[in-house]
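In case you want the letters, here they are:
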Amino acid sequence: MNVAPKRDSYDVVVIGAGPAGLAAAATAAEADLSTLLLDENAGPGGQVWRAIASTPVTERDRLGSDYWAGAELVRAVRTSGAEIIQRATVWSLDRHLEVGVSIDGASSLVKARRVILATGALERPFPIPGWTLPGVMTAGAAQTMLKSSGLVPDGQTVIAGQGPLLWLLAAQILRLGGRIDRILDTTERRNYFAALPHAFAFMTSPYFAKGLAMMREVRAKVPVVTGVSELSAAGDGRLATVTYAAGSRRETIPAELLLLHQGVVPNVNLAMAAGVEHRWDDLQLCWSPALDHNGSTSVEGIAIAGDGAGIGGAEAALVRGRIAARAAVEALAPAAAATLAPMATFRASLAQAERGRAFLDTLFRPARQFRIPSGDTIVCRCEEVTAKDILDAVAIGATGPNQLKAYRRSGMGPCQGRLCGLTVTELMAQARGKNPQEIGYYRLRAPVKPITLAELAAMPKTEADVQAVVRG
Amino acid sequence: MFKRFDQDSRRPVHIVVDGAAVAAREGDTVSAALLASGRDVRRATAVSGAPRLPYCMMGVCFDCLVTIDGIGNRQGCLVPVAEGMQIEIQKGKREIGR
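Treat the numbers as computed from the prediction; the structure is a model and nothing was measured.

Here is what the cut-offs are and how they apply
Residues numbered from 1 in each chain as written. Chains lettered and ligands numbered in written order. Predicted model: local features only at pLDDT ≥ 70, side-chain atom pairs only at ≥ 80, totals over all residues. Helix = DSSP H or I, 4+ residues; strand = E, 2+ residues; numbered from the N terminus. Rg over C-alpha atoms; globule rule 2.2 N^0.38 Å. Buried ≥ 20, exposed ≤ 12 C-beta atoms within 10 Å, placed from the backbone. Contact = placed C-beta atoms within 7 Å. Pairing = 2+ DSSP bridges. Axes fitted to C-alpha atoms, helices over the stretch in contact; angles between N-to-C directions. Core = buried A, V, L, I, M, F, W, Y, C linked by C-beta atoms within 7 Å. Arc of directions from axis to C-beta. Nonpolar A, V, L, I, M, F, W, Y, C, P; charged D, E, K, R; others polar. Parallel < 35°, antiparallel > 145°, perpendicular 65-115°, else oblique. Left-handed = near helix turned anticlockwise from the far one by under 90°.

This part is about the overall build of chain B. Each helix and strand counted, chain B has one helix and eight strands in total. Along the chain direction, N to C, the helices and strands of chain B fall in the order β-β-β-α-β-β-β-β-β. The C-alpha atoms of chain B give 13 Å as radius of gyration, which agrees with the globular expectation for 98 residues (13 Å, within 12%). For the C-alpha atoms alone, the extent of chain B along its principal axes is close to 40 × 25 × 20 Å. Per-residue burial over chain B gives 46% buried out of 98 residues. In chain B, 41% of the contacts between residues at least 6 apart in sequence involve partners at least 24 apart.

Below is the structure:
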């Protein structure tokens, strides 16, 4: 059974136990800072190393060496002296560095001198017609099930989209005896030309050879359609068919499972709710926090490491975690910093890990028609708001995502905009002839994950808390 | 839709889904166990009653909402299965008091 944090204040609280969070927590704890690592999942690893301590897929070549690279870091953090709590949902963070966390149905507040957010990425919304049908999932969802439960697709399966994860997932499914009937590659042909100037850096990066080998492995077994420019899912109560167009070819194919992927974007909810300034990134087409070279944000004491700081991949995430933690050590215990590797070493590793990123970002920049839907296509899955609903609201005066809430409740369901926010911003920007930075984003507030009123009410209260709301 | 790969040797965990016994495996989340069960585990949305299955499996989309041991609106993808766990497929809104 999980227990609440042992102390009510820590030098460093790290949120998220993926590559960045594990590295940050290990580094801070090794320098003898009191360190708390909070993570929402049942075990450490984040998404990229999900279930690394418990996966049933133990034959190492099935998931690949990049996956198993995480095992050593998990061992390091477990012996570092950091306090680690799994299944801990952080629902609040404010500028006083107070962290609200729900563990096993009970909430508590802990204070930090430094907070390192390592809340990672989530999959970019892929709002095509029919994407809410049962049987349509993200590629990441299939990969999560594969890693943590050894589950693989066994009915008619179509994978659609673009990017490195798509090919990795396909290879892993095939290695485990799963079924893939078709891959529909949505990479825009013109992106290949746009990405050319970055090709040399990519070819000398570790991704190149690995990526090429994986694509060959998959193409040998699965028919791949490239240049897909239209995509929709249909069925009565569950997915039955996938329709696509590529060049002059248009086809409808039967499918029980459609796995979608067009890259990942920073998971901004907790950082934005804490007041961290974000800016629209026109290359990665998402909101990224404004950070200094140590990952420090606009809020004193809060740093962001990993993909939440802008998508960079697992290797970059790990190094950014170390950099943010070292900066915290330098600030809180300068003498202990001397025991850590020099910052210059980390920065050199980061530059190495970021090699080839510009190529990937440019090549796999998702096409407009797959980011900005029209007509009856659902944008907000929670409140079931369509693109047409949003355009109608714009026509009668909604100026941005926050006003739109009052018109349509979009972004006000349980996911709190995670699966519609980017779409709403870009859709409204297009409709109003403005850029996404001008349109802005939902104003996010705690609790960033739903908790019950009973849990809030049961939190420890001081006499001053009670007096503050007592009348008469 | 999904099958277990043939070398999965994890211990079985028995859960109950809408009154029926389902064999899950230790380490499965509720959502993974439901999808692996082969049963119709579609929930109905609170807004229109449309059928849904989990979409993201990583705690983001809330399409895995399910009633677990009498408590509604739980994210099934974040909760590991436990022996004897009672699962009800949630149709529509969470009911008051559960």
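Attention now goes to the overall build of chain A. Counting its regular elements, chain A contains 21 helices and 22 strands. Over its C-alpha atoms chain A spans a radius of gyration of 22 Å, differing by no more than 12% from the 23 Å that the globule rule assigns to 472 residues. Reported as C-alpha extents along the three principal axes, the dimensions of chain A are approximately 70 × 55 × 45 Å. The buried share of chain A, reckoned over its 472 residues, is 53%.

A separate point is the sheet that holds strand E13 (residues 228-234) of chain A. Strand pairing in a sheet relies on backbone hydrogen bonds. The paired strands run either parallel or antiparallel. Residue and element names in this part refer to chain A. The three strands are arranged E13-E14-E15 in an open sheet whose pairing can be described as antiparallel. Two strands lie at the open edges of the sheet, namely E13 and strand E15 (249-254), each paired on one side alone. Averaged over all neighbouring strand pairs, the angle between strand axes comes to 15°, with direction disregarded. Where strand E14 (residues 241-246) and E15 come together, six bridges link them in antiparallel fashion. Bridge pairing links Val242 to Ile253 in E15.

Looking at soluble globular proteins, one finds that nonpolar side chains tend to be buried together. Counting 171 residues, the largest nonpolar core has Val13, Ala24, Ile116 and Leu258 of chain A as its most contacted members. Ranked by the residues each element gives to this core, the list is headed by helix H11 (residues 314-332) of chain A, at eleven residues.

Residues and elements named next belong to chain A. Omega for the bond connecting Ala446 with Pro447 falls within 30 degrees of zero, at -5°, which places this linkage in the cis form. Along the chain, the position of Pro447 falls in the loop between helix H19 (436-439) and helix H20 (453-457). One non-glycine residue with positive phi stands out, namely Asp32, at about 70°. For Asp32, a count of 15 C-beta atoms within 10 Å puts it in the partly exposed group. Phi at Leu97 takes a positive value of approximately 60°, unusual for a residue other than glycine. Among the secondary structure elements, Leu97 is positioned in the loop between strand E4 (88-93) and strand E5 (98-103).

On to the sheet that holds strand E7 (residues 71-75) of chain B. Residues and elements named next belong to chain B. With mixed pairing, five strands are arranged side by side in an open sheet as E3-E2-E8-E6-E7. Each of the sheet's edge strands pairs with one partner strand only, and the pair in question is strand E3 (20-25) and E7. Each strand of the sheet is rotated relative to its neighbour by a mean of 40°, with strand direction disregarded. Alignment of strand E2 (residues 12-17) against E3, held across six bridges, turns out to be antiparallel. Pairing of Val17 across the sheet is with Ala20, part of E3.

Next up on the list: helix H4 (residues 70-78) of chain A. Residues and elements named next belong to chain A. Inspection of H4 places Gly70, Leu73 and Val77 among the buried residues, and these make up the whole buried set. Relative to the axis of H4, the buried residues are bounded by an arc of 60° and lie together on one face. Of the exposed residues in H4, the ones pointing more than 90 degrees away from its buried face are Glu72 and Arg75. On the buried face of H4, the contacting elements are helix H1 (19-30), strand E2 (35-38), helix H3 (65-68) and strand E3 (83-85).

With that settled, consider the pairing of strand E19 (residues 286-289) of chain A. All names here are of chain A. Alternating positions in E19 separate into two faces, Cys286 and Ser288 on one and Trp287 and Pro289 on the other, with burial throughout. In the sheet, strand E18 (residues 278-281) pairs with E19 via four bridges, with the strands oriented antiparallel. Of the residues in E19, the one forming a bridge with His278 is Pro289. Hairpin remark: E18 followed by E19, antiparallel, with four residues in the connecting loop; positive phi at Leu285, about 55°.

Here we come to the interface of chain B and chain A. Opposite the 35 residues of chain B that make contact, chain A presents 38 residues. Elements with a minimum of two residues in the side of chain B that touches chain A: strand E1 (2-4), helix H1 (30-36) and strand E5 (51-52) of chain B. Partitioning the side of chain B that touches chain A into residue classes produces 20 nonpolar, five polar and ten charged. Two elements, strand E9 (residues 151-153) of chain A and E1 of chain B, share three bridges in a ladder whose sense is antiparallel. Looking across to E1 of chain B, one finds that Val152 of chain A is bridged to Lys3 of chain B.

When two helices pack together, their arrangement is given by the angle between the helix axes and the distance between those axes. Residues and elements named next belong to chain A. Across the interface, helix H6 (residues 164-175) lies against helix H9 (residues 206-219) with an axial gap of 9 Å and an inter-helix angle of 50°. Here H6 lies oblique to H9, going by the angle between them. Judged by the twist between their axes, the crossing of H6 over H9 is left-handed. For the pair H6 and H9, contact is made by Pro164, Trp167, Leu168, Ala170, Ala171 and Leu174 and by Tyr207, Gly211, Met214, Met215, Glu217 and Val218, respectively. Here the contact of H6 with H9 is composed, by residue class, of ten nonpolar, one polar and one charged.

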